[in-house]
Amino acid sequence: MRNRARIVTFVLLMVVALIVSGCQSGNVGGGTGKAVAKVDSEIISQEQYNKNLIIFKKNYEGVYGTEIWSIDVGGKTFLQAVQENVLDKMISDEVIIQYMEENKIAIDEAEIEKQYADYQQKTEQQAEIKKFFEENKIDESFIKDQIRTELYVKTFREEAEKELGLDDKKLEDYYNKNIDAYKDIQVKASHILFKTVDDQRKPLPADQVKKAEETANEVLKRVKNGEDFAKLATEFSEDPGSAQQGGDLGYFGRGMMVPEFEETSFSLQPGEVSELVKTEFGYHIIKVVDKKSEQKSFEDVKEEIRGKLIEDGINEKIESIKKEKKIEKNMENIQ
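Here is what the cut-offs are and how they apply
Residues numbered from 1 in each chain as written. Predicted model: local features only at pLDDT ≥ 70, side-chain atom pairs only at ≥ 80, totals over all residues. Heavy atoms only, no water. Helix = DSSP H or I, 4+ residues; strand = E, 2+ residues; numbered from the N terminus. Buried < 20%, exposed > 50% of the residue type's maximum accessible area, 1.4 Å probe, protein only. Contact = heavy atoms within 4.5 Å. Areas by Shrake-Rupley, 256 points an atom, 1.4 Å probe, with all protein chains shown as cover. Core = buried A, V, L, I, M, F, W, Y, C linked by side-chain atoms within 4.5 Å. Pairing = 2+ DSSP bridges.

1. Here we look at the overall build of the protein
Check the secondary structure of the protein and you find 11 helices and nine strands. For the protein, with 335 residues in total, the buried portion stands at 43%. The long-range share in the protein, meaning contacts at least 24 apart out of those at least 6 apart in sequence, stands at 72%. Split by element, the accessible area of the protein, about 18,000 Å² in all, is 46% carbon and sulfur.

2. Let's talk about the nonpolar core
By size, the foremost hydrophobic cluster in this structure holds 53 residues, and its most contacted members are Tyr49, Phe78, Ile143 and Phe156. Secondary structure elements with two or more residues in this core: β1 (35-39), α2 (46-64), α3 (78-102), α4 (109-123), α5 (127-135), α6 (140-164), α7 (168-177) and α11 (298-322). Per element, the largest residue contribution to this core is 11 residues, and it comes from α3. By size, the runner-up hydrophobic cluster in this structure holds 14 residues, among which are Leu193, Phe252, Val258 and Phe281.

3. As for the pairing of strand β5 (residues 183-195)
The buried fraction of β5 amounts to 10 of the 13 residues, a majority that puts the element mostly inside the structure. Bridge analysis of β5 against strand β8 (residues 282-295) gives 13 bridges, and the strand direction is antiparallel. Note on β8: the bridge partner recorded for glutamine 186 is lysine 292. Across three bridges, the pairing between β5 and strand β6 (residues 248-252) is antiparallel. When the sheet's bridge partners are listed, serine 190 is paired in β6 with aspartate 248.

If you want it as structure tokens, here you go:
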């Protein structure tokens, strides 16, 4: 249960990353194949999009394995969500590049050559990476465009941050206006899990899923009728980490559980029991045992607030620029 939320939330906003070069943005315009998007007159081609996507997949599979792509995320597969977000990232990059060029804000071409030389040095002895790049036609031109885009984005972000002028007074004003958002809330909960996936997190056959749901509803009725939650958890829960503790998960904060589980847990009051909650693991019955909160000081969260306001400000600026552009997305051309 713990930490899986990090997979299905933060990753939807993760940018394409080359394995060793540190470049974070995709090469945008140009390439061959049908257009997957268009920003004013600049086309983002299938070829360039596919190279970005395959690099992202290579990095991610190296951490989480190939099974990650079939996970359900809000009614779509994780792969579909990533495909959309990679394209959105490439569109934003192209918008930034056009803005920088229109405002005659240049980048240092010598820095591109320097970073490319660093990249070559780091990959020279890494046969597997070299083979992967060769097989997918990820060549010098593509990598230099990656670096160039990253430098444009980096410079854009620096300029946008300066415009925000975030001194300590502005940060403290924001803290005081949103003080309730900076409470460290912890929930102590227990649950009973009825799994709909196997140990490799692959979906169980339909008849087993149906049986899990039926059993979950039967146990939920027993809980609602006043039977001992801990005893039922010990008997029925398929979560090996908590079943023998009567379903006890201890205290946890936000960001530690998958979204559906977290949302329900934080919405319940101590002593309350949920209806069935469906997550990527299966069906849960959740009982909140206790809640506690502690106010964080301004100094504790100052840098967190700075980071949030910087990201909000940069995103607002990008969205404002996008409104002045003609943007087309052709998801049907993504293979």
